[in-house]
Amino acid sequence: MATHTEVLSAVETDLQELATDVVAGATAAEAVVLEGSEFSTLVRLGQVETLKEAGSRAIGLRAFLGQRAASTYSSDFSREGIERLIRGALDLAHVTSDDPCAGLPDPSLLGSLPGDLKLYYEDVYSLPPDERIDWARRAESAAISADPRIKNSDGGAFDASAGRRVLANSLGFVGEYKRSHCGVTAIPIATGENGAMQRDYWYSSARTLSRLDSPESVGKKAAERTLRRLGARKIRSTRVPLVFDSENARSLLDSVFNAVNGDAIYRQSSFLEGKLGQKIASENVTVVDDGTIPGAFGTSPFDGEGISSRRTVVIERGVLKSYLLNTYTAKKLGLQTTGNAARGLAGTPGIGHNNFFLQKGTRTAQQIIADIKQGLYIIDLLGFGVNLVTGDYSRGATGIWIENGELTYPVEEITVAGNLKEMLNNISEIGSDLEFRSAVACPTLRIDGMTIAGE
């Protein structure tokens, strides 16, 4: 089997040259070329359940005729295929409507971060396939062997991927970068004394195999997280402080991102529309979007339009300082892009986050819990009950009851409810456990004033 490096070197077409040639076929245009490969396997009860290895290449074109825009994409890299791609985009542009905000970015804003951002490592493909499968098997085995109450599993998994992106436009910008990723996961199922089953998971992900946690440590942590759910009880409806563990606190930050997204702002479909410069959160809340952190999952040298990546303070000490914008939404709002354009192969650029995180506090999660007489430690959230227009928040949850500063028994079949406007202002504690396990990162949070709906 060819190695990943051999697969890439076998590509005859120079991607930078190809992207530039495509752009040259229109008076105003932008082309993106994506190339990548991936491997994934799922092992369940020691047996390989799924195995996938694939590679792909494709090109997307966005062409402009004045302020009319259209896009096409193709995986046909032949000269005839490229000609069809260009002709199709121009034909579509002729029949679209004028949009005064359509167009490429200001040329003065185009650029790319210099130097090695630590985004690509060849070692993600250094293991032969049988050893990658063995990583998944070892993670599952470690989880099952951790406790006799764990007899079943939804599997252990290992994945690896690598890709290359080239962006070129008719303003003369040409940029490219490569990324790699690998991960290992375990999802054990435990059975309690009453026969009730509980499931949880744990994972490790990194850009390089050398920074991946061992399969054994991942499996052991997954087992611990699963076992703590056994014996879960229902509770009566109440109103107590909630502590969101760092994994579930990230979902709150996802909601903040969606609320500061320029698309939602100019469409007036966000509760933060018109709030720039106003206090919208507790003074201890500072939220940052940063695409410049070396090696992080949300880092890139430039965004989906060729704007150099940067650090944007979104909320500073509770005050909303910036929305996250691409060129289109910036024009709509009379502002400047924040370098958050996210571009796939087809369509106009959307808005994506870079490394989007809440700055950490000084106290550990244990110290935060120790201060609470009665409360709930949230370890899982279900559903998508968030209304960004009003800020209303309601989600199913699983947690562990806090009594006199101690974690006592697991709780399930409850709903936690509030409003994001109030929740942001009621963040009374922020933990010190900020860890970039994905492009969105958040420490442990204590939020007061929320309602638990139970029996």
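Please read these numbers as outputs of a predicted model, since none were measured by experiment.

Visitor: Please set out the overall build of the protein residue by residue, giving values where relevant.
Guide: When helices and strands are counted, the protein shows ten helices and 21 strands. In terms of overall dimensions, the protein is globule-like: its C-alpha atoms have a radius of gyration of 24 Å, near the 23 Å expected for 455 residues. Contacts in the protein between residues far apart in sequence, at least 24 positions, make up 72% of those at least 6 positions apart. Mean positive and mean negative side-chain charge positions of the protein (48 and 57 charges, respectively) differ by 4 Å.

Visitor: Kindly report on helix 3 (residues 79-95), identifying the contributing residues and their values.
Guide: If you check helix 3, its first and last C-alpha atoms are 25 Å apart, about what 17 residues at 1.5 Å a residue would give, namely 24 Å. The complete set of buried residues in helix 3 reads Gly-81, Ile-82, Leu-85, Ile-86, Ala-89 and Ala-93. End-on view of helix 3: buried residues confined to an arc of 135 degrees, all on one side of the axis. Facing away from the buried side of helix 3, by more than 90 degrees, are the exposed residues His-94 and Val-95.

Visitor: So what about the layout of surface pockets? Which residues, and what values?
Guide: A volume near 580 Å³ is recorded for the largest pocket. Considering the residues around the largest pocket, the lining is formed by 33 residues, among which Leu-34, Arg-165, Tyr-177, Arg-179 and Arg-343 are closest to the centre. Of all elements in the fold, only strand 1 (28-44), strand 2 (47-65), strand 4 (150-169), strand 5 (174-191) and strand 12 (341-342) reach the threshold of two or more residues within the lining of the largest pocket. Class assignment of the residues belonging to the lining of the largest pocket gives a composition of nine nonpolar, 15 polar and nine charged.

Visitor: Summarise the sheet that holds strand 11 (residues 319-320); cite the residues concerned and give the values.
Guide: Spatially, the five strands line up as an open sheet ordered 11-10-9-14-19, and their pairing is mixed. Strand pairing shows two members of the sheet lacking a second neighbour, strand 11 and strand 19 (440-441), which therefore form its edges. Here strand 14 (residues 355-358) pairs with strand 19 via two bridges, running parallel. Bridge assignment links Phe-357 to a residue of strand 19, and that residue is Ala-441.

Visitor: An account of the packing of helix 4 (residues 129-144) against helix 5 (residues 215-227) is needed here, citing residue identities and associated values.
Guide: For the pair helix 4 and helix 5, interaxial distance at closest approach is 7 Å and the crossing angle is 35 degrees. Helix 5 is crossed by helix 4, and the crossing has right-handed handedness. On helix 5, the residues touching Trp-135, Arg-138, Ala-139, Ala-142 and Ala-143 of helix 4 are Pro-215, Glu-216, Gly-219, Lys-220 and Ala-223. Considered class by class, the residues forming the contact of helix 4 with helix 5 number six nonpolar, one polar and three charged.

Visitor: Pulling in residues and values, what's your account of the sheet that holds strand 8 (residues 242-244)?
Guide: Ordered in space as 18-20-8-15-16-17-21, the seven strands form an open sheet in which the pairing is mixed. Only two strands of the sheet have a single neighbouring strand rather than two, namely strand 18 (427-430) and strand 21 (451-453). Strand after strand, the sheet turns through a mean of 40 degrees between neighbouring axes, direction not considered. Bridging between strand 8 and strand 20 (residues 445-447) involves three bridges; their strand directions are antiparallel. Directly across from Val-243, in strand 20, lies its bridge partner Arg-446. Along the sheet, helix 6 (residues 246-260) contacts strand 8, strand 15 (374-382), strand 16 (392-403) and strand 20; its crossing angle with strand 15, the most-contacted strand, is approximately 70 degrees.

Visitor: Quick rundown of empty space enclosed by the protein? Include the residues and the values.
Guide: Tallied over the entire structure, the rule returns two cavities of 30 Å³ or more. Taken together, 14 residues line the largest cavity, and the ones lying closest to its centre are Leu-252, Val-256, Leu-424, Ile-427 and Leu-445. Mapped by element, the contributors of at least two residues to the lining of the largest cavity are helix 6, helix 10 (420-425) and strand 20. Each residue belonging to the lining of the largest cavity can be placed in one class, and the counts come to 14 nonpolar, no polar and no charged. Along its surface, the second largest cavity is lined by Ser-246, Glu-247, Arg-250, Asp-433, Glu-435, Arg-437, Val-440 and Cys-442. Top contributing element to the lining of the second largest cavity by residue count: helix 6, with three residues. For the lining of the second largest cavity, the residue count by class is two nonpolar, one polar and five charged.

Visitor: Please set out the nonpolar core residue by residue, giving values where relevant.
Guide: Phe-244, Phe-356, Tyr-393 and Val-416 are the most contacted members of the largest nonpolar core, which has 48 residues in total. Take this core: its biggest share by element is seven residues, from helix 6. Among the nonpolar cores identified, the runner-up in size contains 23 residues, and Val-43, Ala-143, Ala-206 and Leu-212 belong to it.

Visitor: Describe the confidence of the model for the protein, and please don't skip the residues or the numbers.
Guide: Detailed reading of the predicted coordinates is not advisable wherever pLDDT falls low. Taken residue by residue, the protein gives an average pLDDT of 93. The fraction at 70 or more is 95%. Residue range residues 1-13 is modelled with pLDDT below 50. Its contacts to residues more than four positions away, or to other chains, number 14 contacts.

Visitor: Describe the environment of Val-174, with residues and values.
Guide: One can find Val-174 in strand 5. With relative accessibility at 35%, the residue Val-174 sits in the partly exposed group. Separated by 161 residues in the primary sequence, Val-174 and Leu-335 place their C-alpha atoms 25 Å from one another.

Visitor: So what about unusual backbone geometry? Which residues, and what values?
Guide: The residue Gln-268 is not glycine, and still its phi comes out positive at about 55 degrees. Within the secondary structure layout, Gln-268 lies in the loop between helix 7 (262-266) and strand 9 (287-290). Phi is positive for Glu-413, close to 60 degrees, though the residue is something other than glycine. Considering the arrangement of structural elements, one finds Glu-413 in strand 17 (residues 406-419). Given a relative accessible area of 53%, Glu-413 falls into the exposed group.

Reading guide: rules and limits
- Residues numbered from 1 in each chain as written.
- Predicted model: local features only at pLDDT ≥ 70, side-chain atom pairs only at ≥ 80, totals over all residues.
- Heavy atoms only, no water.
- Helix = DSSP H or I, 4+ residues; strand = E, 2+ residues; numbered from the N terminus.
- Rg over C-alpha atoms; globule rule 2.2 N^0.38 Å.
- Contact = heavy atoms within 4.5 Å.
- Lys, Arg positive; Asp, Glu negative; His and termini not counted.
- Charge placed at Lys NZ, Arg CZ, Asp CG, Glu CD.
- Expected span 1.5 Å × (residues − 1).
- Buried < 20%, exposed > 50% of the residue type's maximum accessible area, 1.4 Å probe, protein only.
- Arc of directions from axis to C-beta.
- 1 Å grid on protein atoms, 1.4 Å probe; cavity = no way out; pocket = protein on both sides within 12 Å on 5 of 7 lines; lining within 4 Å.
- Points joined across faces, edges and corners; volume = space filled by probe spheres on them.
- Nonpolar A, V, L, I, M, F, W, Y, C, P; charged D, E, K, R; others polar.
- Pairing = 2+ DSSP bridges.
- Axes fitted to C-alpha atoms, helices over the stretch in contact; angles between N-to-C directions.
- Left-handed = near helix turned anticlockwise from the far one by under 90°.
- Core = buried A, V, L, I, M, F, W, Y, C linked by side-chain atoms within 4.5 Å.
- pLDDT = per-residue confidence, 0-100.

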